[in-house]
Structure formats: structure tokens, C-alpha cells
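For reference, the chains in residue letters:
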Amino acid sequence: MNHHPNDIEPPCAGTLGPHSMKAKFLARTGDPVAKLIAPGFRGDACALYEQMRVQGSVHRSRTGLFAVVSYDGCHQVLQDPRFSTCASLTHPADTCALACSAPARTEGRRSSAKRSDEAYAIAEPLLRPALHQAATRIDTVAHDLLRRHAEADSIDLVDDFAYPLVVACLGEVLGIPSADSARFADMCDVIGRSVHGTPSAARTEAVKDAHEDLAALVIRLERERRQSPGGDLISRLTAPHSGNGRGNDLTRLIDHVQRRDRQETPSTSPERSGIVPDKPSLEETAAVCRTLIASGLDIAVCLIGNAVAALAARPEQWQTLRTAPNLAAKAVDETLRFDPPRRFFLRIASEQAEVGGRPLPPRSGVLLVLAAAHRDGLRFPYPARFDLARSSQPSHLTADSAMRLEISLARLAGEIALWTLASRMPHLRPVGRAVRRPGGAVSGFTRLPFRVSATG
């Protein structure tokens, strides 16, 4: 059978985005990949994974994408330098087209992406001690949030608990002063709240203003932390490192923020400017903070919601956690496998490659379905079972340093949330209708109502 039909353009050619007529037609006619990437998809994603798995570890979609659904296949692509990053399918198709165009047009953009990835790689191990130092204060916030709703008939565990808890977590991790907490919460609300569909002009302008406000706040905090460092992430990122002294250019940061809004290509690269990536610049520190808010907040909120929903659907597992709240970390791990917030990533094959015995031509769009890989029966016994007693298992797949950074944030926020719910509200019960967010790369809930009685 010919698996490379000539009438289908590679998805990175800009002809097939999730909003295109062709993608919508293919979704209506049953193509599982087209369904999965459709912005309005609310169906059973796990059924689509199994439908794809019928073809083996790599599914050839009529969209032109190759969907990798096995753990080993995803791991191979993530380690192979022949597969380069492309914009998420939640972005316009022309962004992906740019990533696949002539190297001369994208050299600066790739260099900028490389610098950002290096900054995330530096920040990720520094985030952990900052998170744990703030854990007690965040735990207090979690208890206070539940206390506010203790007398109510119900609580929406997304809007009333998970979201404000993660915002508080971010504030503690970044060391936001109490005088700036309201301003910071407003930034989080604008930058970190998911918008489904095409954003309005007013929304776009608000996001631009919030990014500039965040950059200004980081500039001020970075100056303060150089004089009086603490245990927060900004202090740790700006602390002196061994190696060359790397200056922080405020003009460069402001130019970077403005250029990001215009989606222009940077004119310099680390190689040309002589910058050695031993420590994040102020520009990159701001990028780390922006990523934690723009995607880390969303991922952490979705992880908490997905975990609570999975436990609520399995009373025996919820009872296990109630009896031993210290299993909260296990519950987070199992949620990252069973119902991870990030479903998939897109990669582009720069040259001929082979995955799972399937040849992939140059410029092939490769959809790494991480959620399917984490339900690979060859790697995870009884993959459809949510099990807090699950022992040995492979590590969770992460696509890049930015994803590792956001997962680190989600882990701590998730552990604190589940510990607090299990110990303080052991008799939580679902009430009303839970609402899944529309489809896309990130999976979670927009509404998750529960009854909050603390006693039986």
C-alpha cells in the first residue's frame, strides 16, 4: 500500500492547519488525527489513540501527518536531531510554514528558540528548590481557599481552587512582593487564561500590554534581587555564576518584547553577539517567567483537574489517597501518564528518517502523541487503569526544556492540591456536570463542580 499519497501536501507547507476546511472535512469523515487536532474536539481521545494504533507505532493520517503513538517511537523522535521543533498546531498554519521555509529566513528565529531552550534548561533545576522553599506557604493558601468555600453547597475545583492556587504558587516561586500581588494576578489572568477560538483585537492588545507589564516587573525585581537576593527563582537565575560576566541589557529586553509582538526575526544570534549561554540574560529570565505564566499555569491547572476527575471516577483510588495523603505525588505521576495535560507535539523531519519501521520522507510533519505513548501496553501494564499502586514504569516523555519547566511547576502545585483535598475535604463528591475544554494540544476541564462537605 502506498503510504505517501501525492495529493496531500506536507502539513508544514501551510495548507493544513487545524482550522482549515480540509482538516474539518477529514475530521467529519473519520480521520482520527484530524479529529484529535480539531479545536472543538470533545470526544473520546483514548478511542482515537487505539484507532491510530491499528496501523502500528506510526499512523499515516490523510492530513499528511505521521502520528507516533508508541512510547519507543516518541522517545526516538525526541532524541533524534533530524526532527526539529515546529509551532504547535494550536497556532496558525503559516507559523508552521515559516519554520519549514528557507534557512536564511529562519536562522535568527531558530537561534532565538535555542537561546530560550537553554534558559529553560538552566531554570528547570533552579525551579525545584524555589518551589520546595515555598511549599509551606502554598499549602496555607490551599487550605484558605477550601476554607472560603466550606459553607457553600459546591465548589468549582477549576475556578475556585486550582486556578487561584497555581497563581499563588507562581507568585511565591517568583518572589512577587505583596504590594504587586494584585497586579501580578491580573497579568496571570490575561496571559495564562486559555482562549478557545480566535482571540479578539481587544484580547490581543490586552495580552501585549500584560507582556510589557511583566517585562517591566521582571526588570525591577531583577535589580532588587541583585542587591538583596532571596530563595525565589528570579534570585536564583540572577545569582552570579562561574564563567564570564554576562550583562543584562534593558534596552535589549524591551526590544525583544516589542519584536515578539510583531513576530519579527531577531537580527542577532548568540554566536554573532559573542554571548555564552552560561546564565540567562534579563531577556531570557523574562522569557522563563512568561512561559511559566503562559503555559505553566494552564498545564498545572489542567493537571489538578484531570487528577481530581480521575480519582472521583474511581472511589477505591480516592479512598486510598484519603487514607494516605502522602500518595499525592504518586497520584500526580499517574495522572501525567493516564490523562496528561499535554496531548501532543509537532516535529518536522529535516531529512529522510525511519520510525517504528515506517520510512518518513524529508519535511514530513510528525505528530508525537505523548498521551497515547503513555498508554502503550508494551511499556505500561493495564494502561487504561488509573492505579496509585503502579510501581515500576518508564519516565514520562517531555518534548523540551520548556515542558520540563512547566511540569515541575505542575507537580508541586498538584501534590499540594491533592494532599489538601484528601486531608481537609475527604468527602468531596462530584455534583453537576463536569465540562471538558475543547480539543487541542492541551487537555483539561473548564468546569469541575464538587460538593465540599468535610464530613460524611
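Predicted model only: the values in this text are computed from it and were never measured.

(A) Highlighting the overall build of the chain. Of the regular secondary structure elements, the chain holds 18 helices and 12 strands. A buried classification covers 52% of the 456 residues belonging to the chain. Within the chain, contacts between residues separated by at least 24 positions form 77% of all contacts whose residues are at least 6 apart in sequence. Approximately 19,900 Å² of the chain is accessible, and the part contributed by carbon and sulfur atoms is 52%.

(B) How the structure looks around the sheet that holds strand S9 (residues 429-430). Spatially, S4-S12-S9 is the arrangement adopted by the 3 strands of the open sheet, whose pairing is antiparallel. With one partner strand each, in any of the chains shown, strand S4 (154-156) and S9 form the two edges of the open sheet. Judged from the 3 bridges that link them, S4 and strand S12 (residues 449-451) form a sheet pairing that is antiparallel. Residue Ile155 lies in a different strand from S12, and its bridge partner there is Phe450. Sheet strands in contact with helix H8 (residues 157-174) are S4 and S12, and its direction is about 60° off that of S4.

(C) Expanded view of a negative patch on the surface. A cluster of acidic residues, Glu205, Asp209, Glu212 and Asp213, forms a negative patch at the surface. Relative to the assigned elements, Glu205 resides in helix H10 (residues 201-227). Take Glu205: its relative accessible area is 41%, and that puts it in the partly exposed class.

(D) The arrangement of helix H18 (residues 401-424) in detail. End to end, H18 covers 35 Å across 24 residues, agreeing with the expected 34 Å (1.5 Å per residue, within 8%). Looking at where H18 begins, the residue whose side-chain oxygen comes 3.3 Å from the main-chain nitrogen of Ala402 is Asp400.

(E) Fine view of the nonpolar core. Leu157, Phe161, Leu233, Val288, Leu292 and Leu418 are the most contacted members of the largest nonpolar core, which has 107 residues in total. The leading source of residues in this core is helix H14 (residues 282-312), at 18 residues. Ignoring any residue separated from it by four or fewer positions in sequence, one finds Val288 in contact with Ala119, Tyr120, Ala123, Leu233, Leu237 and Leu405. Core analysis: the second largest hydrophobic core is formed by 21 residues, Ala45, Met52, Ala67 and Ala441 among them.

(F) How the structure looks around the side chain of Asp156. As for its position among the elements, Asp156 is in strand S4. For the buried Asp156, no salt bridge is present, and the opposite-charge side chain at shortest range is Arg447, 4.9 Å distant. There is a polar contact of 2.9 Å between the side chain of Asp156 and the backbone nitrogen of Val158. For Asp156, the residues in contact, after removing those within four places along its chain, are Phe161, Thr446, Arg447, Leu448 and Pro449.

(G) Looking closely at unusual backbone geometry. The backbone of Arg363 shows a phi angle near 70°, a positive value even though the residue is not glycine. Inspection of the secondary structure puts Arg363 in the loop between strand S7 (358-360) and strand S8 (365-369). Using a relative accessible area of 41% as the deciding quantity, one classes Arg363 as partly exposed. The phi dihedral of Tyr382 is positive, around 45°, even though this residue is not glycine. Examined against the element boundaries, Tyr382 turns out to sit in the loop between helix H17 (370-373) and H18. The exposed category is assigned to Tyr382, whose relative accessible area is 59%.

(H) Representation of the pairing of S8 within the structure. Summarising burial for S8: 5 of the 5 residues are buried, a large majority. Neither face of S8 is open: one carries Gly365, Leu367 and Val369, the other Val366 and Leu368, and all of them are buried. Both strand S2 (residues 66-68) and S8 contribute to a ladder of 3 bridges, which runs parallel. Looking across to S8, one finds that Val68 is bridged to Leu368. Two strands pair when backbone bridges link them, and strand S5 (residues 344-349) and S8 are joined in this way by 5 bridges, in the antiparallel orientation. Counted as the bridge partner of Arg347 is Val366 from S8.

(I) Here's a closer look at the pattern of salt bridges. Summed over the entire model, instances satisfying the criterion amount to 20 salt bridges. A salt bridge links Glu172 to Arg137; the shortest N-O distance between them is 2.6 Å. Note that Glu172 is positioned in helix H8 and Arg137 in helix H7 (residues 135-148), a separation of 35 residues in sequence. Its relative accessible area of 26% is what places Glu172 among the partly exposed residues. Shared partners join several salt bridges into a network, and the residues in it are Asp180, Arg183, Arg220 and Glu224.

(J) Main features of the pairing of S5. Burial analysis of S5 places 6 of its 6 residues in the buried class, the great majority of the element. Residues Phe344, Leu346 and Ile348 line one face of S5 and the alternating positions Phe345, Arg347 and Ala349 line the opposite face, and both faces are buried. As judged from the 3 bridges shared by strand S3 (residues 83-85) and S5, these two strands associate in the antiparallel manner. Across the sheet, Phe83 pairs through a bridge with Ala349, a residue of S5.

(K) Local environment of the sheet that holds strand S1 (residues 58-60). Spatially, the 5 strands line up as an open sheet ordered S1-S2-S8-S5-S3, and their pairing is mixed. For this open sheet the edge positions go to S1 and S3, each flanked by a neighbour on one side alone. On average, each strand axis in the sheet is inclined to that of its neighbour by 35°, with strand direction left out of account. Its contacts with the sheet place helix H4 (residues 71-79) against S2, S3, S5 and S8, and it is angled at close to 125° to S8.

The rules behind each value
Residues numbered from 1 in each chain as written. Predicted model: local features only at pLDDT ≥ 70, side-chain atom pairs only at ≥ 80, totals over all residues. Heavy atoms only, no water. Helix = DSSP H or I, 4+ residues; strand = E, 2+ residues; numbered from the N terminus. Buried < 20%, exposed > 50% of the residue type's maximum accessible area, 1.4 Å probe, protein only. Contact = heavy atoms within 4.5 Å. Areas by Shrake-Rupley, 256 points an atom, 1.4 Å probe, with all protein chains shown as cover. Pairing = 2+ DSSP bridges. Axes fitted to C-alpha atoms, helices over the stretch in contact; angles between N-to-C directions. Patch = residues over 30% accessible without salt bridge, like charges linked within 9 Å, V, L, I, M, F, W, Y side chains within 5 Å. Salt bridge = Lys/Arg side-chain N within 4 Å of Asp/Glu carboxyl O. Lys, Arg positive; Asp, Glu negative; His and termini not counted. Charge placed at Lys NZ, Arg CZ, Asp CG, Glu CD. Expected span 1.5 Å × (residues − 1). Polar contact = N/O pair within 3.5 Å; in protein donor to acceptor, adjacent residues only side chain to side chain. Core = buried A, V, L, I, M, F, W, Y, C linked by side-chain atoms within 4.5 Å.

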